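Per-entry structural report
The primary structure of each chain is shown beneath.
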Amino acid sequence: MTETGFWSHPLVETTGYFSVVVLCLIVSMVLFELVTKYKNWEEIRKGNVAVAMATGGKIFGVTNIFRYSIEQHNTLPQMIGWGLFGFILLVIAYILFEFLTPKFNIDKEIEADNRSVGFISLTISVGLSFVIGASIS
């Protein structure tokens, strides 16, 4: 197998995309941990379902955006760039969600295990990931 053939083999490409997306997912979860006022994994360990739903929505949202990015781009740098751009849009959406609900604090409600707010956070992350992903060109 030639060098070009090896790197373009579907198993090698899939492994490469998988590895890069997992790394980007870890980075995005660290960044979301910095954006939220509560400690995601500590709250999940305590059984906070609202945090688990909100965090699950973020994980789904980020990976869904990268799914679209993989479909639309032929090079790893393009895929990473567009995926990270989509992630930034998802963070902006989270901040807007907090801003557009002035009657209560989203982070405090989720930290208090308000499952309704956790569910809305999940659906916003998932729903917008489809919109962001579809707009990636």
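An account of the accompanying structure is given in this report. (Residues numbered from 1 in each chain as written. Predicted model: local features only at pLDDT ≥ 70, side-chain atom pairs only at ≥ 80, totals over all residues. Heavy atoms only, no water.)

**Side note on the overall build of the protein chain**
Across its full length, the protein chain carries seven helices and zero strands. Considered along the principal axes of its C-alpha atoms, the protein chain spans approximately 60 × 30 × 20 Å. Counting all 137 residues of the protein chain, 37% fall into the buried class. Taking the contacts inside the protein chain whose residues are at least 6 apart along the sequence as the reference set, 68% of them involve residues at least 24 apart. Summed over its atoms, the accessible surface of the protein chain is roughly 8,000 Å², and 70% of this surface lies on carbon and sulfur atoms. With 9 positive and 11 negative side-chain charges, the protein chain shows a separation of 9 Å between the mean positions of the two kinds. (Helix = DSSP H or I, 4+ residues; strand = E, 2+ residues; numbered from the N terminus. Buried < 20%, exposed > 50% of the residue type's maximum accessible area, 1.4 Å probe, protein only. Contact = heavy atoms within 4.5 Å. Areas by Shrake-Rupley, 256 points an atom, 1.4 Å probe, with all protein chains shown as cover. Lys, Arg positive; Asp, Glu negative; His and termini not counted. Charge placed at Lys NZ, Arg CZ, Asp CG, Glu CD.)

**Observations regarding the packing of aromatic side chains**
The way to describe two aromatic rings as a pair is by their centre distance and the angle between their planes. Summed over all chains, the structure comprises five aromatic pairs. Summarising the aromatic geometry, the rings of Phe32 and Tyr94 are spaced 6.4 Å apart at their centres and angled 75° between planes, so their arrangement reads as edge-to-face. With Phe32 in helix H2 (residues 10-35) and Tyr94 in helix H5 (residues 76-99), the pair connects residues that are 62 residues apart, well separated along the chain. Since its relative accessible area comes to 2%, Phe32 is described here as buried. Summarising the aromatic geometry, the rings of Phe60 and Phe130 are spaced 6.1 Å apart at their centres and angled 45° between planes, so their arrangement reads as tilted. One end of the pair, Phe60, is in helix H4 (residues 49-72); the other, Phe130, is in helix H7 (residues 115-135), with 70 residues separating them in the sequence. (Phe/Tyr/Trp six-rings, centres within 6.5 Å; stacked < 30°, edge-to-face > 60°.)

Everything listed is a geometric property; what it means functionally is a separate question.
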